[in-house]
Amino acid sequence: MDFHLAFSPKPFATSISHQQKLLLVGSCFTENMGAKLKQHKFDVLENPNGILFNPISITRSITSYIHNKQYQAADLFYQNECWNSWEHHSRFSHPDQEQCLQRINHSQQKAHAFLKSADWLLLTLGSAFAYTLATGTSAGLQGEVVANCHKVPTDKFNKKLLTVEEITTALQQMLSEIKVVNPSIKTIFTISPVRHLRDGFVENNRSKATLIQAVHALIENEQDRFYFPAYELVIDDLRDYRFYAEDMVHPNYAATHYVWEKFVDACIDESTKKLMAEINVINAAKSHKPFNPTSQQHKKFLQTNLEKVNQLSSQYPYINFEEERSYFSKIETHL
């Protein structure tokens, strides 16, 4: 008797390789996938504005990269003894206004340059609920969708469920603008499997359904737009609370790794998969904790892996192995 219905996403017509660059934007699940890609030596830039959940904030952030928007003091507000931006995660906040602006604008410039040559844009939509500034808040911004509430009291915001039309219109306009600066970029949409239960059980499902409907309307009959079913893999394939963290909201390591394996199978080409396996060997060696760091055996271990790194670096010059080379080169520190 089967107690589990396995689901294997259909492979993409176009695959990802190490020679390509990937810009990842969206929810915290974006950062889980970004960490896996970085671990396997892909050229990745993730969340230049920090974690974003709603599609309007995601589209605004990417549009700002397209135009290399530079933020000014008037774009910030002071709250909880820090300067903050309504369009950025709190990791950019700072007690010093100039430091806050420098963090934001440095990230903007980096994202602008990266986007122009990126091969893939991976968007993870988290929630169709958006928070808008209520009357009496920042001048001129009433009614504007915010990306982060920065622990501002809830009575300063109005909450709304975005419609499919609002989402598709915003995303379509942004994708059209990207093509002006980068005509060859391809887009992968995912829906985050993180459950926004603070909105309510029914409301969370309405939100996810709205996102799914909008995304499928956007990718229909488009050759350079793809959908990867991360949400369905967790909700309908794994389908068990044991695959969630203790908060019962975020997928745990096992779930994230399962989705990653499905992503590799569906989205990455065969030669790249073989190289990833070799990189995994190097990663495992780098994580190895020696029983006796001063032994000749450990010195040989380091030397052997240094040779492997040099060989891979020579064979794949477009991949940066400097961190690994530096680690295995410090043989004298282990003696």
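Nothing here was measured: the structure is a model prediction, and the numbers come from that model.

Procedures and definitions
- Residues numbered from 1 in each chain as written.
- Predicted model: local features only at pLDDT ≥ 70, side-chain atom pairs only at ≥ 80, totals over all residues.
- Heavy atoms only, no water.
- Buried < 20%, exposed > 50% of the residue type's maximum accessible area, 1.4 Å probe, protein only.
- Helix = DSSP H or I, 4+ residues; strand = E, 2+ residues; numbered from the N terminus.
- Contact = heavy atoms within 4.5 Å.
- Pairing = 2+ DSSP bridges.
- Axes fitted to C-alpha atoms, helices over the stretch in contact; angles between N-to-C directions.
- Parallel < 35°, antiparallel > 145°, perpendicular 65-115°, else oblique.
- Left-handed = near helix turned anticlockwise from the far one by under 90°.
- Nonpolar A, V, L, I, M, F, W, Y, C, P; charged D, E, K, R; others polar.

K.L.:
Help me get a handle on helix α6 (residues 230-238), residues and values and all.
P.N.:
Given 3.6 residues per turn, any residue in an α-helix points the same way as the ones three and four places further on. For α6, a buried count of 7 out of 9 residues is recorded, marking the element as mostly surrounded by other parts of the structure. Every buried residue of α6 is accounted for by Ala-230, Tyr-231, Glu-232, Leu-233, Val-234, Asp-237 and Leu-238. Here the buried face of α6 lies against α1 (28-39), β9 (186-191), α5 (201-219), β10 (225-227) and α7 (253-267).

K.L.:
Tell me about the pairing of strand β3 (residues 76-79), residues and numbers included.
P.N.:
In terms of strand pairing, β3 meets strand β4 (residues 82-85) through 4 bridges, oriented antiparallel. From the neighbouring strand, Gln-79 faces β4, where its bridge partner is Cys-82.

K.L.:
Any chance you could break down the packing of helix α9 (residues 296-315) against helix α10 (residues 322-329) for me, citing the residues and the numbers?
P.N.:
Where α9 meets α10, the closest approach of the two axes is 9 Å, and the angle between their N-to-C directions is 155°. Classified by the angle their axes make, α9 and α10 are roughly antiparallel. Our pair here, α9 against α10, has a crossing hand that is left-handed. Within the contact between the two elements, α9 uses Leu-302, Asn-305, Leu-306, Val-309, Asn-310 and Ser-313 and α10 uses Glu-324, Arg-325, Tyr-327, Phe-328 and Ser-329. Classifying every residue of the contact of α9 with α10 gives 5 nonpolar, 4 polar and 2 charged.

K.L.:
Lay out unusual backbone geometry in plain terms, naming residues and giving numbers.
P.N.:
Phi angles above zero are rare outside glycine, and His-150 is one such case at about 50°. Looking at the secondary structure, you find His-150 in the loop between β7 (145-146) and β8 (157-161). On the basis of relative accessible area, His-150 is assigned to the buried category, the value being 7%. Of note, the phi angle at Met-248 is positive, near 60°, even though the residue is not glycine. Counting through the fold element by element, Met-248 comes out in the loop between α6 and α7. Overall, the relative accessible area of 37% leaves Met-248 in the partly exposed class.

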